[in-house]
Amino acid sequence: MEFSEYIKTANVEDVVLRQPLHPPGRGTLCITGHHLLFSDREEGSCQQVLLLLRNIDAIEKSVENLLTCSGLFSNAGLSQSGVCRLSGSSGTITIKCKDLRVLQLDIPGMEECLNIARSIETLSCLDSMSELYPFFYRPSNASLRDQWGLSSLERHYSQMKELHDRWRLSTVNRDFSVCPSYPQAVIVPKSTDDDMLEKVAKFRQGGRFPVLCYYHKKNGMVIMRSSQPLTGANRKRCREDEQLLQAVIDGSDKGYIIDTRSSQQALQARMTGGGLESKSCYSSWKRLQRQMERGKALQESLIKLVEACEDESNNMDRWLSKLENSKWLSHVQTALSTAGLLAECVERDGHSVLVHGSEGTDSTLLISTLAQLIMDPSCRTLEGFLTLLEREWVQAGHPFQQRCAHSAHSHARLQQESPVFLLLLDCVWQLWRQFPLALGFSEALLLRLATEAYASDYGTFLGNNQQERCALGVKENTHCLFQALLRPRERDCYSNPLYEHTELAIWPSVHPQSLQLWRGFFLRWTPQTHHLEEAQEEIRNMVIEWGKLALSSCPAST
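Since the structure is predicted, the reported quantities are computational estimates derived from the model, not experimental observations.

Undergrad: Sorry, what's going on with the overall build of the chain here?
TA: Along its length, the chain carries 20 helices and 14 strands. Buried positions account for 54% of the 558 residues belonging to the chain. Here the contacts in the chain between residues at least 6 apart in sequence split such that 72% fall between residues at least 24 apart.

This is how it looks when you write it as structure tokens:
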């Protein structure tokens, strides 16, 4: 179906736009297949607002009928026909965005208002991924023939010479038949052949058998990740799975399994076919239970937090109570402490670790990513961090399309939405705040990523896994966000001018007084945060200028 079929009113004049941090503007509103465009027509103003329709989480509309010479009209006819034309009528559309912005459009004419609202509701929730804007976006400074992505498992393995003695690159999943959510190549112990991997995959939920995601160069220990074993109520076992994990710790006395479920949740999973690794079958592995919320509980936590941030009562006690009741900072604390435990097992205790929860696509990726940031300085540069996200989230099969379908404002019934990636970015921000010199990227990068995950011009976060992206031709038909962020102009914007390389691990403090609300994201549309951003940008520019002066004053080498 053509986009034009969803658009009954394409342009409306004399619309008033009210948005955060700006005075109201009056001008022309246009709607296209993917955008809302507002152009301010008032004298002396050249303001334009371009809003990606996919960024809209919810809309609310209201229509007012005013007194005219023929009397007072009632709203009763609106719900019956919805196409009444009344002189002196107007409507208001409140747009609540996934990036937490709230816009208000005052539109003259009830029919025009309803048409615009219907178009927004339809075009912001297109079901077909091939109709989304990344397949139409063609920036002038990039070509579809450009390299897509920053790295691949094949390149990563070839660069890690230390792996080659005990680990191999397997293409058992080359056609995605063994595990739909895994990439086509994975790193596994050299002693395990592909037939064994296929058997192990049948014993793990969704086929997500244990694969290597991190090798610690200091001591040779590794982080593996997978989904839960399918032991079930009858406590089934898989000898190939046991042999694979034994091969991981070959030559070591033991390894750790960090299960991101509570002991009770893990035991309950048996009744539905899931389960955990038994002590008798995995005697060399010690299991550590660290419950982390996911799914609906995490989404509801975000909704409550945003409600608290939008509370205009100016009552401090009420605000603090709402903040605490949202439990969001508690989720941040749990994620950082569990990642710290994982890093401690590898870095300080010198043991390899397997991480999993149930599906292995959410909290597993969250803590493995944070642990690598804590331990590995190569992950803390701008390019290193983006490569880490590409490997641990995009390639590893985090279901972005499902988890980021809606944000905190949607009225739709919750399905598989969960802000796990946003929680990751919040945790990274806590690290960035506690170690302002240790990370090579700025808060602006984290804000950009938080926006792009929910609505983007680029194809990086499309789909739920590599198999879906291959079927859609994402690499051939869209542009890569991570490549765009590393172009010179963007690199300057998203780099941390205070960055100083350190080989030391950065251990976060998780005491409640050490964790703060991420104001730059959750309060980003308030005047106070806007002034703070301006001050930070001014400091950034001063640091850059000082750096240039320092370089120019250094004597030339002979």
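Undergrad: Please clarify how the side chain of Asn465 should be interpreted in this entry.
TA: Here Asn465 shows up in the loop between α14 (443-454) and α15 (466-472). Here Gln467 takes part through its backbone nitrogen, which lies 3.2 Å from a polar atom of the side chain of Asn465. The contact partners of Asn465, leaving out residues within four places of it in the chain, are Pro180, Ser181 and Gly397.

Undergrad: Teacher, can you tell me more about the packing of aromatic side chains here?
TA: A ring pair, where both rings are aromatic, is described by two values, the distance of the centres and the angle of the planes. Summed over the entire model, instances satisfying the criterion amount to 14 aromatic pairs. Ring geometry for Tyr182 versus Phe209: centroids 5.3 Å apart, planes at 85°, classification edge-to-face. Pair noted here: Tyr182 is in the loop between β8 (167-170) and β9 (186-189) and Phe209 is in the loop between α4 (194-202) and β10 (211-215), with a separation of 27 residues, a long-range link. Given a relative accessible area of 0%, Phe209 falls into the buried group. Within the aromatic cluster, the residues linked to one another by ring pairs are Trp328, Trp429, Trp518, Phe521 and Phe522. The aromatic ring of Trp507 is capped on one face by Arg348, whose charged end is 4.1 Å from the ring centroid.

Undergrad: How do you make sense of the nonpolar core when you look at a structure like this?
TA: In globular proteins that are soluble, nonpolar side chains generally tend to be buried together. Ranked by size, the top nonpolar core spans 121 residues in total, and within it Leu36, Ile95, Leu370, Phe421, Leu449, Phe482 and Phe522 carry the most contacts. Sort the elements by how many residues they give to this core and helix α13 (residues 420-434) lands first, with eleven residues. Here this core spans two domains, and each of domain 1 (3-64 + 89-126) and domain 2 (153-519) adds at least three residues to it. Ignoring anything within four residues of it in the chain, the contact list for Leu449 reads Phe385, Leu386, Leu389, Phe421, Leu425, Phe461, Leu481, Phe482 and Leu485. Listed in part, the 33 residues of the second largest apolar core include Met196, Phe209, Leu212 and Ile257.

Undergrad: What's the story with unusual backbone geometry in this structure? I'm lost.
TA: As a rule of thumb, non-glycine residues mostly have phi less than zero, and peptide bonds are mostly trans rather than cis. Phi angles above zero are rare outside glycine, and Asp14 is one such case at about 60°. You can call Asp14 partly exposed: its relative accessible area is 41%. Despite not being glycine, Leu100 shows a phi value in the positive range, around 80°. Positionally, Leu100 belongs in the loop between β6 (89-97) and β7 (102-108).

Definitions and cut-offs
Residues numbered from 1 in each chain as written. Predicted model: local features only at pLDDT ≥ 70, side-chain atom pairs only at ≥ 80, totals over all residues. Heavy atoms only, no water. Helix = DSSP H or I, 4+ residues; strand = E, 2+ residues; numbered from the N terminus. Buried < 20%, exposed > 50% of the residue type's maximum accessible area, 1.4 Å probe, protein only. Contact = heavy atoms within 4.5 Å. Polar contact = N/O pair within 3.5 Å; in protein donor to acceptor, adjacent residues only side chain to side chain. Phe/Tyr/Trp six-rings, centres within 6.5 Å; stacked < 30°, edge-to-face > 60°. Lys NZ or Arg CZ within 6 Å of the ring centre and 35° of its normal. Core = buried A, V, L, I, M, F, W, Y, C linked by side-chain atoms within 4.5 Å. Domains from an automatic or database assignment.

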